[in-house]
Each structure stands twice: as C-alpha cells, then as structure tokens.
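Geometric and topological summary
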Amino acid sequence: MPTKKAPQSMPYEQGKWAAVYTRAVGERRYWLIKSEPDVFSFDDLSAAPKQTTCWDSIRNTGARNFLRDAMKVGDLAFYYHSNAEPSAIVGIAEVVREGYPDPTALDPTHPYFDPASDPATPTWFVVDVRAVSKLEKPVSLADIKARADLADMALIKVSRLSVVPVTEREWNIVLAMSRS
DNA sequence: GCCAACGTTGGC
DNA sequence: GCCAACGTTGGC
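What counts, and at which threshold
Residues numbered from 1 in each chain as written. Chains lettered and ligands numbered in written order. Predicted model: local features only at pLDDT ≥ 70, side-chain atom pairs only at ≥ 80, totals over all residues. Heavy atoms only, no water. 1 Å grid on protein atoms, 1.4 Å probe; cavity = no way out; pocket = protein on both sides within 12 Å on 5 of 7 lines; lining within 4 Å. Points joined across faces, edges and corners; volume = space filled by probe spheres on them. Helix = DSSP H or I, 4+ residues; strand = E, 2+ residues; numbered from the N terminus. Nonpolar A, V, L, I, M, F, W, Y, C, P; charged D, E, K, R; others polar. Salt bridge = Lys/Arg side-chain N within 4 Å of Asp/Glu carboxyl O. Buried < 20%, exposed > 50% of the residue type's maximum accessible area, 1.4 Å probe, protein only. Near = heavy atom within 4 Å. Polar contact = N/O pair within 3.5 Å; in protein donor to acceptor, adjacent residues only side chain to side chain.

1. A short note on the layout of surface pockets
The volume enclosed by the largest pocket comes to roughly 510 Å³. What lines the largest pocket is a set of 17 residues, among which Lys-34, Ser-35, Val-39, Asp-56 and Ser-57 lie closest to the centre. Breaking the lining of the largest pocket down by element, the ones donating at least two residues are strand E1 (30-35), helix H1 (37-40) and strand E2 (52-54). Considered class by class, the residues forming the lining of the largest pocket number 6 nonpolar, 6 polar and 5 charged.

Structure (structure tokens):
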C-alpha cells in the first residue's frame with residue numbers, strides 16, 4: 001500500500017520550460033543527460049546490447065517531465081559524466097523510445113522501487129537512449145564555464161537536474177569545442 | 001569531505 | 001498553506 005503521496009505533476013506547460021514541450025514538424029531537440037561514470041559511463045552504454053539502455057531511476061519531477069513529455073525519438077543528447085574527474089560531456093546519445101513508465105519504480109524488489117507510484121498512474125518515466133558517438137575530445141564543465149556564449153546553458157543555470165534541455169546553438173558550440 | 005542549491009516532507 | 005527540517009545532487 002502506498003504510504004506516501006506521489007509527487008504531483010508540475011503544470012509544465014505553464015512553467016519556465018514551456019518552450020521545450022513544443023516543436024515544429026520534424027524539428028529535432030537537444031538534451032543533456034547526466035550519469036556518474038562509476039555507475040553507468042558512456043563506455044558502458046556503448047557496450048550495452050544494441051548500445052541502448054533504459055534511462056531509469058530518475059526521481060526528480062522536473063527531469064521526469066522532460067522524459068515523459070518532451071523527449072522524442074530522434075532527439076539527441078549530450079552524455080555528461082557528473083561527479084567525475086573532470087566532469088565533462090563525453091558522448092552523444094539518441095532517443096530511440098519515448099517516455100514510458102519506469103520499471104524500477106514499479107518493481108518491489110528494486111532498490112529504487114517507489115511504493116507511492118501507482119502502476120495505473122505511474123509517477124516516474126524513462127526513455128530509451130542509444131550511444132551514437134564518443135566526442136573526439138571531452139568538453140569539461142570548466143571548458144563550458146569559461147565561455148561567455150555558453151553562460152545560459154541549463155547545465156550551469158539549473159543545478160542538480162539530471163536531464164536538461166540544450167539549445168541548437170549551444171549544441172553546435174559544444175560540438176565545435178569537441179573537435180578543436 | 002564540505003557545503004550550496006533546492007526539492008520534498010510533515011508539523012502546525 | 002506556511003515553512004523548518006531533512007535528503008540529494010554534484011561541484012569544488
């Protein structure tokens with residue numbers, strides 16, 4: 001029996017991220033997803049079956065909303081190593097399956113089981129991501145912070161959000177940095 | 001290891 | 001509904 005109330009759905013369409021929930025026909029959006037390399041690194045993703053994994057165990061409502069509602073098949077994401085030396089963007093992944101209920105939240109034997117998440121109206125969501133390519137050169141958090149034209153990146157502006165949007169402009173700047 | 005940011009919980 | 005306590009993330 002659920003003992004706690006599940007976190008409520010944010011009225012995201014009215015929130016500060018409203019723009020990332022809309023897109024032109026055929027438009028591709030960009031994201032940044034964080035993982036600690038000791039837990040699941042980009043190389044781990046590359047070594048996984050079909051280079052694909054379920055991006056599970058996210059337990060933050062803001063990140064959940066992106067996973068559930070905003071990320072679409074074909075979108076690309078920078079793969080960021082947090083709590084790393086150095087913390088850096090190291091690769092590119094592609095969304096290959098759109099939001100569906102996080103199986104870890106519904107599995108009583110899983111450490112991330114959430115008894116408050118009702119299977120009929122799940123609280124937590126995942127997408128599937130596939131490794132696309134490793135960056136020629138990692139782009140570190142320090143590299144990003146050193147650039148005035150990346151000062152507005154959500155990675156910097158919004159702390160402790162494990163899935164954040166990236167603008168197309170930011171995406172291209174970081175890509176260029178990874179090749180220089 | 002420290003601690004800032006900030007989301008969540010729960011007493012009132 | 002307010003807000004203090006608490007827990008987590010993640011840089012440094």
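2. Some points on the pattern of salt bridges
The tally for this structure, following the rule as stated, stands at 9 salt bridges. The partner of Asp-43 in a salt bridge is Lys-134, with the nearest N and O atoms 3.1 Å apart. In this pair, Asp-43 sits in helix H2 (residues 42-47) while Lys-134 sits in strand E5 (residues 125-140), placing the two residues 91 residues apart along the sequence. Across the pair Arg-68 and Asp-69 runs a salt bridge, and its minimum N-O distance is 2.9 Å. Its relative accessible area of 19% is what places Asp-69 among the buried residues.

3. A closer look at the protein's contact with DNA strand C
Every residue near DNA strand C is listed here: Lys-34, Tyr-80, Ser-82, Asn-83, Ser-87, Leu-141, Lys-145 and Arg-160. Close to the protein, within 4 Å, the atoms of DNA strand C are drawn from sugar and phosphate at a rate of 78%. Contacts to DNA strand C include Lys-34, whose side-chain N or O atom sits 3.3 Å from a phosphate oxygen. Within the side chain of Lys-145, one N or O atom sits 2.5 Å away from a phosphate oxygen of DNA strand C. Split into classes, the residues belonging to the surface near DNA strand C amount to 2 nonpolar, 3 polar and 3 charged.

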